[in-house]
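Here is what each chain is made of, one letter per residue.
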Amino acid sequence: MLSRKIYLILGLFIFLVGLQSCSNNTVNNDTARVQLKLIDAPGDYLEVNIEIVDILFNDSENEGGWKSFELSEGKTYPLMVDLTKLIAGNSLLLTDQIMPAGMLKQIRLVLGENNTLVIDGNENVVHLDTPSAMQSGLKLNIDTELEAGFSYTFILDWDVQKSIVAAGSSNKYNLKPVIKVNTEVNSGAISGSVIQVVDNDEIDQQDISVLLTDGVNEWTTITNEEGKFLFQGIPSGNDIYDLKIEREGFETIELNNISVEVGVITDLGVLELKIIE
């Protein structure tokens, strides 16, 4: 009799564990899947190392309603991120979580104090002074209704160049994060490759500046070692975009009237930079 009870208890335990496992990995009629991806609009720095100590979300206007996201598999807090690595299609998956359907109002990125900078020509690691407000969290407005059974990917586009501010002539730098948020359910992407040829030889394709604008907003990136670039989370709809590629000593490339479709990567192909004669 006792052994039968033990088997019943064990069976119930296995069932509950299985149920919990399903609820953590499967979208159902009451839940939605939420991913947060971090990308970088780069600046003129070799490294920008950021310490993330928590990522929170709020589904209400109540300040007491904040809850922590679970980090994606294999990651733990505090999470150190070199933002300069997140270019040309590289992104960091911060969280991949099943959560109740309903309104997602805001997320909050909580930073630690161990934020640093490496500048070209200076071997020393420079400390980034972080305002105390960042330790309570940088609030990002989401205001998205999560519909049951759907998946949402929110892209956090961190603009490094605008986020780092030199403190006068003191050789100190302040971190004041500038982050745009887009979601892949209403956005697309633009990609391409840049080559530069001198005397019929292809030369260094890395770190070429690429600018995208809709006339009001701007997105910037640089090419990777293969000359490739990718803009993610670009709003779609009636917006028409212009693209500019610049490198000193070469003619500027300008492309106009580029359109973006939801969930589609618009490939601009191979673009050749020509040396100024």
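Participant: Sorry if this is basic, but what is going on with the packing of aromatic side chains here?
Facilitator: By convention here, two paired aromatic rings are described through the distance between centres and the angle between planes. On inspection of all chains with the given rule, the structure shows four aromatic pairs. Between F229 and F231, the aromatic rings sit 6.1 Å apart at their centres with planes inclined by 65°, giving edge-to-face as the arrangement. A relative accessible area of 2% means that F229 is categorised as buried. The positively charged end of R108 is found above the aromatic ring belonging to W66, 4.1 Å away from the centroid. For K180, the ring lying beneath its charged end belongs to W219, and the centroid distance is 4.7 Å.

Participant: It is not clear to me how the sheet that holds strand β10 (residues 151–159) should be interpreted in this structure. Could you clarify?
Facilitator: Backbone-to-backbone hydrogen bonds pair the strands of a sheet. The strands run either parallel or antiparallel. Spatial ordering of the open sheet is given by β5-β1-β10-β13, a layout of four strands whose pairing is mixed. This sheet does not close on itself; its edge strands, each paired only once, are β5 (92–100) and β13 (179–183). Neighbour-to-neighbour, the strand axes of this sheet turn through a mean angle of 20°, independent of strand direction. As paired strands, β10 and β13 are joined by five bridges and run antiparallel to one another. Bridging from a neighbouring strand, L156 pairs with V181 of β13.

Participant: It is not clear to me how the environment of A189 should be interpreted in this structure. Could you clarify?
Facilitator: Checked against the element boundaries, A189 lands in strand β14 (residues 187–198). Separated by 43 residues in the primary sequence, A189 and Q232 have C-alpha atoms spaced 4.6 Å apart. What A189 contacts, discounting residues up to four positions off in sequence, is L230, F231, Q232, V260, V264, I265 and T266.

Participant: Would you mind showing me how to read the layout of surface pockets here?
Facilitator: Over the atoms a probe the size of a water molecule is rolled, and this reveals where empty space is left. Within this model, the largest pocket holds a volume of roughly 750 Å³. Along its surface, the largest pocket is lined by 28 residues, and P42, G43, I87, D207 and I222 are the ones closest to its centre. Residue assignment for the lining of the largest pocket shows that the elements contributing at least two residues are α3 (160–163), β16 (209–213), β17 (218–222) and β19 (240–246). Broken down by element, the lining of the largest pocket gets its largest block of residues, four residues, from β17. Across the lining of the largest pocket, the residue classes tally to eight nonpolar, 10 polar and 10 charged.

Participant: Sorry if this is basic, but what is going on with the nonpolar core here?
Facilitator: Side chains of nonpolar character tend, in soluble globular proteins, to be buried together. Among the nonpolar cores identified, the biggest contains 40 residues, and L38, V48, I52, L83, L94, L117 and W158 are the most heavily contacted of them. It is strand β2 (residues 47–58) that contributes the most residues to this core, five residues altogether. Beyond its immediate chain neighbours, meaning those up to four positions away, V48 contacts V81, D82, L83, T84, T116, L117, L128, V160 and I164. In terms of nonpolar packing, the next biggest core, distinct from the first, is built from 18 residues, L212, I253, V260 and L273 among them.

Participant: Hey, could you run me through empty space enclosed by the protein in this one?
Facilitator: Per the stated rule, a full pass over the model turns up two cavities of 30 Å³ or more. Taken together, 15 residues line the largest cavity, and the ones lying closest to its centre are I39, D40, L230, F231 and Q232. Of all the secondary-structure elements, those providing two or more residues to the lining of the largest cavity are β1 (31–41), β17 and β18 (228–235). Considering each element in turn, the lining of the largest cavity owes the most residues, four residues, to β18. A volume near 40 Å³ is recorded for the second largest cavity. Together, A41, D157, D159, K180, E218, W219 and T220 line the second largest cavity. Sorting elements by how many residues they give to the lining of the second largest cavity places β17 first, with three residues. Each residue belonging to the lining of the second largest cavity can be placed in one class, and the counts come to two nonpolar, one polar and four charged.

Participant: Would you take a moment to explain the sheet that holds strand β20 (residues 253–259) for this structure?
Facilitator: The sheet built from four strands is open, its strands ordered β17-β16-β19-β20 with antiparallel pairing. Edge positions in the sheet fall to β17 and β20, since each of these pairs with one other strand and no more. Pairwise comparison of adjacent strand axes, ignoring direction, gives a mean angle of 20° for this sheet.

Reading the values: rules and limits
Residues numbered from 1 in each chain as written. Predicted model: local features only at pLDDT ≥ 70, side-chain atom pairs only at ≥ 80, totals over all residues. Heavy atoms only, no water. Phe/Tyr/Trp six-rings, centres within 6.5 Å; stacked < 30°, edge-to-face > 60°. Buried < 20%, exposed > 50% of the residue type's maximum accessible area, 1.4 Å probe, protein only. Lys NZ or Arg CZ within 6 Å of the ring centre and 35° of its normal. Pairing = 2+ DSSP bridges. Helix = DSSP H or I, 4+ residues; strand = E, 2+ residues; numbered from the N terminus. Axes fitted to C-alpha atoms, helices over the stretch in contact; angles between N-to-C directions. Contact = heavy atoms within 4.5 Å. 1 Å grid on protein atoms, 1.4 Å probe; cavity = no way out; pocket = protein on both sides within 12 Å on 5 of 7 lines; lining within 4 Å. Points joined across faces, edges and corners; volume = space filled by probe spheres on them. Nonpolar A, V, L, I, M, F, W, Y, C, P; charged D, E, K, R; others polar. Core = buried A, V, L, I, M, F, W, Y, C linked by side-chain atoms within 4.5 Å.

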